[in-house]
Amino acid sequence: MLRSHGKLRRSFIRKKRELPPSAAPTPSQGGDEAGRRGGIEDVSVPKNIDLMALPQLCFPGGLQVTSEQKEEQFHFLVFTDILGNKTHGVVMQCYRPILEGMSLYRNGRGSSKCPKLFCAYSICVISKHPYFTALKDCLSCLLIQLRTCRLSDMEERVKEFAAKLTLVPIPPPGQLHLMFTIRPLTIILPSREDKDHPVIDLDLHLPFLCFRPQQLLQVLSCLLQEQRVVLFSADWARLTLMAESLLLFLQPLLWQHPYVPVLAKGMLDFLMAPTAFLMGCHLSHFADVSAETDDLILINIDNGSLSTSTFDTVNLPDIPPVAAHCFTQRCKLLRIHFDLDQCHHASCTDISEQRAQRRTWQRSLNNDIQRIALELIVNIFRDVSSHLNYEHRVFHSEEFLKTREPAEQLFYKKVLETHIFHSFLKDRLNRKMDSFARMELSTRSEMQKMKAMVEAPHRPTMQQIQARRKGSITETRLSKRLGMSLPNLREDKIIGFQRNTPLSKILLSDPAPSTTAKPIKVFKLPDFPASLSFHSVQSYYIELIQQFGKAIFSVQSENPAMLARYYYLRGLINTLCSRRLDALSDFQNLNKTDTAIFPTSLVTWLVDSLQRDERQQAQRRPELKRLILKVKTDNEKPLVEPDDHVKKFQLPCKPLYQEEFMRCVQECRIVRDVATIQRLFDALTDIAYAHPSVRGQPKQVDPELFRVFYTFWKEMEAEAQDVNLPSDVIDRLDNNECVYKLSSCVKTSHGVGKIAMTQKRLFLLTEGRPGFLEITKFRDIQEVKITSVPFLLVRIPSLRIQTSRRPEVFEANLKTETELWNLVIKEMWAGRKMADQHKDPQYMTQALTNVLLIDAVTGCLQNQRSITAASKLAYFDKIRQEVPMIVPKTTSETLKHKINPSLDLAEPQTVHVLLYTPGQLTGTGKVGDMNPKLWVALSGGKVVVFDAASWSMLQDCIQLGQSQLNCMIGLVQEQVWIGSQDSVIYIIDTHSMSSNKQLTEHRHEVTGLTVDASNQANSLLTYSCSRDGMILQWDSSSLKVKRQFLLSCDYLSSIQIHNSALWCCCGDGIVEVKKSGTPQRKITLHKDLQSMPSSFSSFIYIPERGQLWTGCADSVELCLWHTNNHRHPFKIISLPGSSGVTCMIRVKDQIWVGRSDAGGQCNGQLSSQVLVVDIESHTVAKELQAHSDSIQTLCSAEDRYVLSGSACRDGKIAIWKVE
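Because the structure is a prediction, the values reported are computed rather than measured.

1. Details of the environment of Ser 1097
Okay, step 1: Locating Ser 1097 in the fold gives a position in strand S43 (residues 1096–1102).
Okay, step 2: Every residue in contact with Ser 1097, bar those within four places of it in the chain, is listed here: Cys 1065, Gly 1111, Cys 1112, Ala 1113, Val 1141 and Thr 1142.
Okay, step 3: For Ser 1097, the side chain forms a polar contact with the main-chain oxygen of Val 1141, separated by 2.7 Å.

Here it is as structure tokens:
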């Protein structure tokens, strides 16, 4: 079905298909020859490439015979198959004489010499990669040879040229480019930046030479809205280069529609396609295309103009002005003229030097342009992630649109319906860490970082209201861009921005987008062999393997990323030489250097193709044996299709049982926490299932009730956007405060007015002359109760609030609102007390969410029992009434703060391991790199990273397999090693926050890691252990195993290194082992514990004291041993309580001990302890009530703080001060 705006005129198709007689092929044009050879010539066609249209595309203007020889011309092609895979071509069109020296006979009267004619011929090089510049250079070199060779030798020259090109390997993604020589030029084959980026081998500044930045934004807007776009130029070469550049500017958004950058003269009916497309035509067809087809976007590259086939101007929504302004300002900084930029340099006297200089300049300019284009896309779609529900893969488009400026909404409405945006959404929901995600993360504002710490319902802050009041459009946009969520609730830190600061200045605070181009290494391939016989080619490959071997040796311990590229290329050449075992060995080394370029399909093919004798040899090589086993194991796993669906939220149409209700509430982003949703379900079903006749039946929420509840919730959000506060009131509130609830006009003990509630306080908006009266901050409340006051013959309900800051009681006659406000204030009061006592701002955030849910439930039920139902949501007030909310004084004084690493997840996750890495004094200069970091290993192989200076989340999820992570260690501020239950050691690069290296030598789960800091060699030695007793010594630079030995034990749980000896926790004993692997001594369980099913859970060795401290999982005692008498413990220290020891660390002269849960969580009470034991006195100095579940891990932050992580019922991290 054709779209209405794409009306077609059939005369256009007839005109293009019914060619005039003069256009029909003639014998002199090669028509007969082509017909004769078409059915008999055996041409080798690359797989999956349809070359039916290639002749037309090689001669897009038609095959011509001329009386004059024309200059050679180049143009570029792109073929796209039905799956969207692209193949690229570079065409060289030349002319050669025909009928030269022949005589013509006229009516038998003799002959006359035939006039000299020239016929066009083309040579097309096709590649899976867009090497436009490199292949053009190659064809230019071939052209020199063709000009001097005889016609009969031309085919052999072309075959030889093609054969040489097939010897050139394609470089893997990264910073290694390949260089080869086809005389007289030296040609560079660039690599992709990473596996998600295409090769960039063209001049990205060409669009800036043809269009002004404003026009370029119009073009990009057309593509983002998936219009039917046609490019025009009198030069065929410009069409593809321009189209490719434009699509690169949209990265990581990918064009999903037909893409034909060069349309031959006989293909113009493609423009009748009813779908969106991007195509290119010769400028001579501009008038015909414009006249014959409606609703096309016509872009004239040659004069830089945009129009439509209907109007002279393009009437489409523009890119949002803030992002557009930033883009245009960045463009002014581009230096796009080579001669102007290089005029101060000396003239190059060597063509190779000149070409190298130009390449360096172009590479730098391309990097700048890519960063500017990426910044544009990030600024357009920055807030999309704030409206995603990752668990259920839902995008809230309506909510997203409401946050846009009115002038921008039409643009976003169109873009949100496109295929290109839908594909982009899939990547966001998959949490893809691509260039967009990295830039969005690195350019987040301070307020957005704070939002990552505390999640709260959306309301406008005082800062945003002030901006709106002053009518500052740019400030309002700033607020939108920063998000409309509750900022950090800790009152000791208020984030503010200078008012009336234009957003463009904030966006342009850096002189350029913040990334630096990585240095490029160029590897020169050997000269091509003179003969292309089998033996010559094999000799060429052998020489290439030798050169890669030398390169590997030269960068062995300096550059792991470059080392990986050399291993990859050598493995590729070994594969071509049928050296399958050597190839597998090279690819195996990628695990230790860069797994991102591991060629899984090729390795699988190599393993399957191994001969019997090769398999026997592989079994004798441990690294190949492991690789083959892994390949077989992976192949046996069932193929799991990735979940790529994207949903738009829709209200339910059928009754919701509890599980469905939970999913629906999470999808609509009202609340994520499972426990809160369960309480909401109970509240909404309370009235319907209160009658005895329906008790015991499965509860469900009526879809109409859910619709009313959802509507009420959204109306509350909308009303909050329109809160109109007097300016003097706004000035009395903090910048980050939001008004969450406002009463009707009531009589109070301080006059008539409206009671307003923020996340920090209650205040009265007085009537008459509007004024501000603070009633109380929530932390100052002493009592809240309902009373009644006489009015005429009746008594009116009244609410009394006693506060520590005022001697008099505040009283308000709230009438029918009294019970609701009583419930709301008590919940906020209880949440504030818990937040202060536990130093955890999330309690206040949760209380605020509970209050808003109470308000919504009361509003949607509206009956006598609505308060009773809503009271089920007053979770903190219930705790306050049932159990005393008292945190021991010692705990309160020692506890500094709490953070929640599971904030983005529906349920708390167990904190398995914590690692603190100190800040860097040198490095990239980025604040994020210089600040200390906290690495947190959660369940299911997830790692989150916090900035340990502000405790804001830097990285929400680094996925390392699917198994539990057991141990972590930091190396030289550049790497973090993490041992997993899946027997792999994952290595995270601390700069890129990604894991591209794996150590796979262990056969069982990795349980411990330690570093030998005393090693005086050039590289650190790292030790790892696995549960089967295997201990490996690693060279941290080369990632090679230097030594390995097996310790005989049932379960090796951890290792430490002290005084050149390894101390190993083996369950039933602590074993001291020499570095050579020889056991020296073993300390076994105390005799009183041997009869119990207990084992050592942790230990600490203090070499300067000769002391060994041990703890057991099922014992309430610590054992202190003297290492010179390891038969019996020197002292047994009894611990308070009844729970065992899970972990221990030494900090200064203290032993910090984490303990298991002493009976489970009881109404939010703290049931797990962290004990501080004094080393001198051997006594418990402090008992800290830490968490409501078992302590899983402890770590020290430079001996100033200790951090404790707990199991999943609590799932939080406590930060303790060290005295």
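Back to the write-up after that little detour.
2. Digging into the side chain of Ser 1024
Okay, step 1: Residue position: Ser 1024 is located in strand S36 (residues 1021–1026).
Okay, step 2: Leave out the neighbours within four places in its chain, and Ser 1024 touches Ile 985, His 1002, Gly 1008, Leu 1009, Met 1030, Ile 1031, Leu 1032, Trp 1034 and Ile 1055.

3. Things to note about the sheet that holds strand S44 (residues 1107–1112)
Okay, step 1: Within the open sheet, the four strands sit side by side as S43-S44-S45-S46. Their pairing is antiparallel. Each end of this open sheet is capped by a strand with a single partner; those strands are S43 and strand S46 (1131–1134). Neighbouring strand axes in the sheet, compared pairwise and without regard to direction, differ in orientation by 20° on average.
Okay, step 2: Where S44 meets strand S45 (residues 1117–1122), five bridges bridge the pair, whose relative direction is antiparallel. Of the residues in S45, the one forming a bridge with Gly 1111 is Leu 1118.

4. What about the packing of aromatic side chains?
Okay, step 1: One pass over the full model with this rule turns up 29 aromatic pairs.
Okay, step 2: Pairing Phe 661 with Phe 706 gives two aromatic rings, centres 5.9 Å apart and planes at 90°, and the pair type is edge-to-face. In this pair, Phe 661 sits in helix H28 (residues 658–667) while Phe 706 sits in helix H30 (residues 703–721), placing the two residues 45 residues apart along the sequence. Assigned by exposure class, Phe 661 and Phe 706 land together as buried.
Okay, step 3: Taking 5.1 Å as the distance between ring centres and 35° as the angle between the ring planes, the aromatic pair formed by Phe 763 and Phe 772 counts as tilted. Each member of the pair, Phe 763 as well as Phe 772, carries the same accessibility label: buried.
Okay, step 4: An aromatic cluster is built from Phe 381, Phe 395, Phe 400, Phe 411, Tyr 412, Phe 421, Phe 424 and Phe 436, whose rings are joined through pairwise contacts.
Okay, step 5: The ring of Tyr 843 carries Lys 1212 above its face, with NZ or CZ at 4.4 Å from the centroid.

5. What to know about the packing of helix H23 (residues 580–588) against helix H25 (residues 600–608)
Okay, step 1: Remark: H23 packs on H25, axes separated minimally by 10 Å, with the N-to-C direction vectors making an angle of 145°. As for the relative orientation of H23 and H25, their crossing is left-handed in sense. Residue-level inspection shows Arg 580, Ala 583, Leu 584 and Phe 587 of H23 in contact with H25, the latter providing Leu 602, Val 603, Leu 606 and Val 607.

Conventions adopted
- Numbers given to residues run from 1 along each chain, matching the order in which its sequence is written.
- Two thresholds apply to this predicted model, a pLDDT of at least 70 for residue-level local features and 80 or more for giving and counting side-chain atom pairs, whereas whole-chain, interface and lining totals are computed over all residues.
- No hydrogens and no water enter the side-chain calculation; it runs on all heavy atoms of the structure.
- Only runs of H or I of at least four residues qualify as helices and only runs of E of at least two qualify as strands under DSSP, and these elements are numbered from the N terminus.
- In this analysis, two residues are considered to be in contact whenever any of their non-hydrogen atoms come within 4.5 Å of each other.
- Any pair of nitrogen or oxygen atoms within 3.5 Å is treated as a polar contact; in protein, a donor-acceptor pairing is required on top of that, and neighbouring residues in sequence qualify only through side-chain atoms on both sides.
- Paired strands, as defined in this entry, are two strands with at least two bridges between them according to DSSP.
- Only the contacting stretch of a helix is used when fitting its axis, a line to C-alpha atoms as for every element, and angles between N-to-C directions run 0 to 180 degrees.
- Centres within 6.5 Å are what make two rings of Phe, Tyr or Trp a pair, Trp counting through its six-membered ring; a difference in plane orientation under 30 degrees is then read as stacked, over 60 as edge-to-face, and the rest as tilted.
- Relative accessibility decides the category of a residue: with a 1.4 Å probe and only protein chains considered, values under 20% of the type maximum give buried, values over 50% give exposed, and everything between is partly exposed.
- Counting as a charge over the ring demands two things of the Lys NZ or Arg CZ atom: a distance within 6 Å of the ring centre and an angle within 35 degrees of the ring normal.
- In a left-handed crossing the near helix is turned counterclockwise from the far helix by less than a right angle, and in a right-handed crossing that turn is clockwise.

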